[in-house]
Amino acid sequence: MKNQSIGISIDWFTVFLYFALVIMGWMTIYSASLPLEETSLFDTTQIYGRQMLFIFFSIPLIFVLLFIDAKIFERFSFVFYGLGIALLLGLFVFGSTIKGQTNWYKIGGFGFQPSEFVKTGTALLLAKYLSFSQINLKNTQHQLIGFAIIFLPVFLIMLQPDAGSAMIFLSLIFVLNREGLPSWYLASGFAAIVLFFVALKIEPKYIALVILGIMTIHFFKNRRISRNPILYIVLFLIISGYIFSTNYVYNNILEPHQKDRIDVLLGDNVDVKDEGYNLNQAMIAIGSGGLTGKGYLEGTQTKGGFVPEQHTDYIYTTVGEEWGFVGSVIVIVFFVALFLRILVLAEKQKTKFSRVYGYCVATYLFTHFFVNIAMLIRLFPTIGVPLPFFSYGGSSLWAFTIMLFIFIKLDANKVNEW
C-alpha cells in the first residue's frame with residue numbers, strides 16, 4: 001500500500017524544480033566547456049559529457065531513494081553519519097591531494113569527494129537527535145551534543161584543509177536555533193565575523209573604546225544586570241582579546257591564499273593580474289551580459305576562457321554573460337522557489353525528524369547558493385563552494401540529489417504517519 005500511494009504523495013513541484021535546475025545547469029556547463037571543434041553531446045572526454053553521465057546515473061539513484069522504506073533513513077541515521085566520518089578519516093591515508101587539499105578519493109578517471117555526502121549523514125543524525133522528546137536546546141548538555149554532531153566533520157574537513165566545505169556544516173546552527181537554541185549564539189557568531197573584518201581595517205584600540213562605551217551605557221541602563229559588574233568586565237576583556245588577536249591570526253596563522261581572498265574581499269592592494277584575477281574576470285563576464293545577455297553559446301568571456309574554473313565555482317558567470325540580468329533573475333527565482341517549497345513542506349511534516357531534516361536540506365542548499373553568488377559580487381571571500389545542480393561534478397550532483405530526494409521520500413511518506 002505504501003508504494004502504491006508513493007506516486008500520488010510525491011511533491012511533483014519540487015521534483016520539477018530539481019530537474020529544471022539540473023537541465024539549466026547542464027546547459028550552462030555545456031556552454032562553459034564547449035571545445036572549438038565539433039563533438040558529441042555524450043563525449044565523456046569532455047566536461048559536459050561527463051556531467052551528462054553523472055545526470056544519467058542520478059535517475060536510478062532517485063528511484064532507489066523513492067522506493068525504499070522511509071524509516072530506514074531515521075533508523076540508520078547513526079550508521080550513515082558514522083560511514084561518512086570513516087570516509088573522511090580514510091582521506092588521510094588513501095586520499096589524493098589536489099591544489100593543497102586532501103579531500104578526494106581517486107577511482108579510475110573519476111574523483112569522489114566524501115565531504116559532499118557527509119552533509120546528508122550529519123543532517124540525518126542531527127534530525128534524529130533533535131527528534132527525541134527529552135531534548136531541550138536550552139539545556140547546555142543537549143547543546144553540546146548537537147554541536148558535537150556538527151563539529152566533528154567540520155574538524156576533520158578543516159584538517160584537509162577545506163574551509164569552504166567546513167563552513168557549510170556550520171550553517172546548521174540556524175536549524176538548531178529554529179529548534180530552540182538561544183539566539184545569542186547566532187548573534188555572537190555574526191558579531192565575531194564582523195569584528196574580525198573591521199579589526200583588519202580599523203585600529204583595534206579604537207574598536208575597543210567604542211565597545212567600552214556601548215557596554216558602559218548598557219551597564220547603567222540595565223539595572224537588573226548592572227548589580228554584577230564582573231560580568232561586564234570579563235565580557236569586555238574577552239572581546240578586547242579577540243579584537244587585538246585578529247591581526248596576529250591574519251599575519252601568522254592564515255595561509256597566503258586565505259589572506260589573498262580576504263584582501264580581495266576588502267579591496268586591499270589587490271593585483272587584478274594575480275590574486276584578484278579570477279574575481280575581476282568573473283565580474284567583467286557578468287557585467288558584460290547586460291539586460292538580456294549575449295545569447296546562449298555566444299559569451300565572449302566564456303568562449304575566450306578568461307574566467308578560470310568557470311564550469312565549477314564560477315559557473316554563474318556564464319549565466320550572467322549569456323543570459324543577462326533577466327536570465328540570472330530567472331535562475332535565482334527557481335532556486336528561491338525550491339528553498340521556499342522545502343520549508344513549506346518541512347512545516348507540514350507530522351514527525352519532528354522529517355521536519356528538522358527538511359530544515360537542514362533547505363539550509364544547506366541556501367548556504368551553497370548564497371555563498372557561491374555572493375563571492376562573485378565581493379560580498380563573501382572566494383572559498384570554493386559549488387552552486388547546487390549547476391557546478392560541474394558527480395560528487396556534488398549526487399550528494400545534492402540524495403539529500404533532496406530523501407526529504408521528498410520522507411514528505412511522501414507522511415500519509416503513512418500518525
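First things first, this report covers the structure right here in the doc. (Residues numbered from 1 in each chain as written. Predicted model: local features only at pLDDT ≥ 70, side-chain atom pairs only at ≥ 80, totals over all residues. Heavy atoms only, no water.)

Some details on the environment of Phe-190
For clarity, the cut-off: Every helix listed is a DSSP run of H or I at least four residues long, and every strand listed is a run of E at least two residues long, numbered separately from the N terminus.
Within the fold, Phe-190 resides in helix α10 (residues 184–201). For the pair formed by Phe-190 and Thr-302, sequence separation is 112 residues and the distance between their alpha carbons is 36 Å.

A look at the sheet that holds strand β2 (residues 101–107)
How we decide: Each pair of strands is called paired provided DSSP finds at least two bridges between the two strands. To get an axis, fit a line to the C-alpha atoms, keeping to the stretch in contact for a helix; angles then go from 0 to 180 degrees between the N-to-C directions.
Strands sit in the order β1-β2-β3 across an open sheet of three strands; the sheet is antiparallel. Looking at the sheet topology across the chains shown, the edges are occupied by β1 (96–98) and β3 (110–112). Pairs of neighbouring strands in the sheet enclose a mean axial angle of 55 degrees, with direction left out of account. Here β1 runs beside β2; their pairing, made up of three bridges, is antiparallel. Looking at β2, one finds that Ser-96 is bridged to Trp-104.

Focus on the environment of Leu-66
Along the polypeptide, Leu-66 turns up in helix α3 (residues 47–67). In this structure, the C-alpha to C-alpha distance between Leu-66 and Ile-406, residues 340 residues apart in sequence, is 7.5 Å.

A few points about the nonpolar core
Our working rule: What makes a nonpolar core is a set of buried Ala, Val, Leu, Ile, Met, Phe, Trp, Tyr and Cys residues whose side-chain atoms join them at distances within 4.5 Å. In this scheme, a residue with accessible area under 20% of its type's maximum is buried, one over 50% is exposed, and one in between is partly exposed, where area comes from a 1.4 Å probe on protein chains only. Contact between two residues is taken to exist if any of their heavy atoms lie within 4.5 Å; hydrogens are not considered.
In this structure, Phe-335, Tyr-357, Phe-389, Phe-390 and Phe-405 are the most contacted members of the largest nonpolar core, which totals 94 residues. Looking at this core element by element, the count peaks at twelve residues for helix α18 (residues 352–374). Residue contacts for Phe-405: discarding those within four places in its chain leaves Val-15, Tyr-18, Ile-62, Leu-65 and Leu-66. One finds Ala-199, Met-215, Phe-236 and Ile-243 within the second-largest nonpolar core, a separate group that totals nine residues.

A word on the pairing of β2
Here β1 hands over to β2 after two residues, with Lys-99 in that stretch at a positive phi of 55 degrees. Alignment of β2 against β3, held across three bridges, turns out to be antiparallel. Residue pairing across strands places Ile-107 opposite Phe-110, the latter belonging to β3. Here β2 folds back onto β3 in antiparallel fashion, the turn holding two residues, of which Gly-108 has a positive phi close to 65 degrees.

Honestly, it's all geometry; don't read function into it.
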